[in-house]
Amino acid sequence: MWWANVETKPYGGYPQFWDAKILDLLEKANPGNQQWSGKPSADKKNPYGQFDGKTIFEAQNMLTPDSARVLGYLPTDEEWNSPNIFEDNPVGKKGVRNELDKEGTALPEHKTWFFYLARICNHCSYPACLAACPRKAIYKRPEDGIVLIDQSQCRGYRKCVEACPYKKTMYRGNTRVSEKCVACYPRIEGKDPESGGQPMETRCMTACIGQIRMQGLVKMNNDGTWAEDRFNPLYYMVHVAKVALPLYPQFGTAPNGYYIPPRWVPRDYLKQMFGPGVDDAIERYTYPDRELLAVLQLFRRSNRIIFRYEIKEGPKIYEATLRGRKISMYNDTVIAYGQDGKEIFRTQVEEPVHVRPNKHANSI
Ligand code: SF4
Ligand code: F3S
């Protein structure tokens, strides 16, 4: 059940301090040089600019000149003890314990802030867990990129736990083998009885009542880049609108979990976490264009994986000035199609309003 966790940033973490610790190790291995250059661009190989520092693979022999294939560390039992540590704890007044900032606050940066980071295994394109396992017990499925541990091969060496920078393989003491998120692969394969044989999203995605998670499958080129698939919603959000950014891309595993960054958090913190695409991503969704607004409606309208969307233009329904900028909203219809090319659902930008009858005691 710890495969999918939600931590409160900046203080929360499971295991505790996982990201601060690996960032610190990288900094020690390559002091002052963990930097980005360039800018987000249309370049598919370096869509967020160029990382000039060392990845966990390149820094491997800089601190650990032993047999380790990847720079990493094994968390202590204490660090695994408290999954919800610092839950809902905001950053307070700088340098003063237990005191929140009393001044009013405004974008682009709040002085008192926190945000939730939902985490699962990123099913990385270059999985450090796989690289590190001396038993070759970890494999990445070519058909869908899911990274799995073959538990009949695993002997509990825990090199994967040491190597995964996101700490998403976990050793289980009573079985003496490691385990990790399996990306609900029977659902992805369309084997869930509810799926009608069509690929279905993972449980953690479908359970999101905040309607902010989406999962899918994308087409790949032979060189590991995403093949152009303009109307796949994930391709659109990651490579066209560029509002969804990878988590700690500087680690070098090419993680396949992408996040739309929050907009009230200090930008330096966000850039460390999601790379240099943060400013552009926030700017784009703060003033979303017609297509982005329509695509964002696709989230959580169905449990089936969306392979393609189509937008049918509707009338203008709203016009306003937002922070000095003119914005318009159109009631476009967005249609989602599944792997078989059949329509899964259609929805509109303007959400329907349901008024409950004044019949029950708890009716509003
Ligand atoms: Fe492996 Fe960690 Fe990447 Fe998952 S997040 S594929 S466990 S390196
Ligand atoms: Fe390999 Fe990790 Fe098991 S390193 S042997 S998969 S504990």
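That block above? That's the structure.
Scope of this entry: the structure provided in the associated data block. No experiment lies behind these values; they were computed from the predicted model shown.

## Side note on the site of ligand 1
Thinking step 1. Not every one of the 13 residues close to ligand 1 is listed here, only the nearest: C121, N122, C124, C129 and C164.
Thinking step 2. Of the residues that constitute the shell around ligand 1, the class distribution is 8 nonpolar, 3 polar and 2 charged.

## Examining helix α1 (residues 18–29)
Thinking step 1. Its 12 residues place the ends of α1 17 Å apart at the C-alpha level, agreeing with the 16 Å of an ideal helix rising 1.5 Å per residue.
Thinking step 2. When we look at burial in α1, the residues that qualify are W18, D19, I22, L23, L25, L26 and A29. For α1, the buried positions fall inside an angular range of 160° around the axis, keeping them on one side.
Thinking step 3. Packing partners of the buried residues in α1 comprise β1 (5–9), α2 (60–63), β4 (115–119) and α8 (267–274).

## Some words on the packing of aromatic side chains
Thinking step 1. For the coordinates displayed, the defined rule picks out 16 aromatic pairs.
Thinking step 2. Ring centres of W18 and Y166 lie 6.1 Å apart, and the angle between their planes is 50°; on these two criteria the pair is classed as tilted. Taken together, the positions of W18 in helix α1 and Y166 in the loop between α4 (159–163) and β7 (169–172) put the pair 148 residues apart, joining distant regions of the chain. Of the two residues, W18 and Y166, both sit in the buried class.
Thinking step 3. Relative to F274, the ring of Y259 has its centre 5.6 Å away and its plane inclined at 40°; by these criteria the two rings are tilted. On the criterion of sequence distance, the pair formed by Y259 in strand β10 (residues 258–259) and F274 in helix α8 is long-range, its members being 15 residues apart. For the pair Y259 and F274, one class covers both residues: buried.
Thinking step 4. Through successive ring pairs, a cluster of aromatic residues spans W18, Y166, Y248 and F251.
Thinking step 5. Here K167 stacks its cationic end above the ring of Y73, 4.5 Å away from the centre of that ring.

## Some remarks on the sheet that holds strand β11 (residues 308–312)
In a beta sheet, neighbouring strands pair by backbone hydrogen bonds and run either parallel or antiparallel.
Thinking step 1. Strand order across the open sheet formed by 3 strands is β11-β14-β15, with antiparallel pairing between neighbours. Two strands lie at the open edges of the sheet, namely β11 and β15 (343–348), each paired on one side alone. Averaged over all adjacent pairs, the angle separating strand axes in this sheet is 20°, with direction ignored.
Thinking step 2. Sheet analysis places β11 next to strand β14 (residues 333–337), joined by 5 bridges and oriented antiparallel. Pairing of E310 across the sheet is with I335, part of β14.

Parameters at a glance
Residues numbered from 1 in each chain as written. Chains lettered and ligands numbered in written order. Predicted model: local features only at pLDDT ≥ 70, side-chain atom pairs only at ≥ 80, totals over all residues. Heavy atoms only, no water. Near = heavy atom within 4 Å. Nonpolar A, V, L, I, M, F, W, Y, C, P; charged D, E, K, R; others polar. Helix = DSSP H or I, 4+ residues; strand = E, 2+ residues; numbered from the N terminus. Expected span 1.5 Å × (residues − 1). Buried < 20%, exposed > 50% of the residue type's maximum accessible area, 1.4 Å probe, protein only. Arc of directions from axis to C-beta. Contact = heavy atoms within 4.5 Å. Phe/Tyr/Trp six-rings, centres within 6.5 Å; stacked < 30°, edge-to-face > 60°. Lys NZ or Arg CZ within 6 Å of the ring centre and 35° of its normal. Pairing = 2+ DSSP bridges. Axes fitted to C-alpha atoms, helices over the stretch in contact; angles between N-to-C directions.

Read these as spatial facts, not as claims about activity.
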